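Chain by chain, the residues run as shown.
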Amino acid sequence: MNRPGPRRAGGFIRAGEADLSRTAMPRRRALELRMHHAWRQVAGRELAERLLPVRIARGCLELECLDSEWSAALKAVLPGLVARMAQSDAGLGIRKFRILGEEGEAIAVTLPGGTGA
């Protein structure tokens, strides 16, 4: 017999731990969610609010800097952050990165141990 009242919920999965391939979500959207989650884990909340991952195109992580004052300071730490992101979720296929709106070539990612991603 069904009784009115609160129901127990179960089977919740923490953000970032779900197997997105087992959902009805399109593959592209699932990769986008993984990219954003991995970036937040590596960059932290404050930096993730100023520098957003836009997409991964042919192995290149494209980032958008929302605060131009931070752009110079980020140049020193960004290669390490992107390398950690590439290592934490190798399925994203990140091999290089670039900041949108800046001149120059994409910068290759070097994983710890001296190997490229």
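Residues numbered from 1 in each chain as written. Predicted model: local features only at pLDDT ≥ 70, side-chain atom pairs only at ≥ 80, totals over all residues. Heavy atoms only, no water.

> Looking at this structure, I do not really get the layout of surface pockets. What am I missing?
Over the atoms, a rolling probe the size of a water molecule traces out where space has been left empty. Of the volumes computed, that of the second largest pocket is approximately 270 Å³. If you trace the second largest pocket, you find it lined by Arg27, Arg28, Leu31, Glu32, Met35, Val54, Arg55, Ile56, Gly91 and Leu92. Listing elements by their share of the lining of the second largest pocket, those giving two or more residues are helix 1 (27-43) and strand 1 (51-57). When grouped by side-chain class, the residues that make up the lining of the second largest pocket number 5 nonpolar, 1 polar and 4 charged. (1 Å grid on protein atoms, 1.4 Å probe; cavity = no way out; pocket = protein on both sides within 12 Å on 5 of 7 lines; lining within 4 Å. Points joined across faces, edges and corners; volume = space filled by probe spheres on them. Helix = DSSP H or I, 4+ residues; strand = E, 2+ residues; numbered from the N terminus. Nonpolar A, V, L, I, M, F, W, Y, C, P; charged D, E, K, R; others polar.)

> Help me out: how do you make sense of the pattern of salt bridges in this one?
It is possible for side chains bearing opposite charge to pair when their charged atoms get close. A full pass over the atoms with the stated rule returns 6 salt bridges. In this structure, Glu46 engages Arg50 in a salt bridge whose closest nitrogen and oxygen atoms are separated by 3.7 Å. Separated by 4 residues within a single helix, Glu46 and Arg50 lie in helix 2 (residues 45-50), roughly one turn from each other. Since its relative accessible area comes to 22%, Arg50 is described here as partly exposed. Where Arg55 meets Glu62, a salt bridge forms, and the shortest distance between an N and an O atom there is 2.6 Å. Owing to a relative accessible area of 46%, Arg55 belongs among the partly exposed residues under this scheme. Residues joined in a network through salt bridges with shared partners are Arg55, Glu62 and Arg98. (Salt bridge = Lys/Arg side-chain N within 4 Å of Asp/Glu carboxyl O. Buried < 20%, exposed > 50% of the residue type's maximum accessible area, 1.4 Å probe, protein only.)

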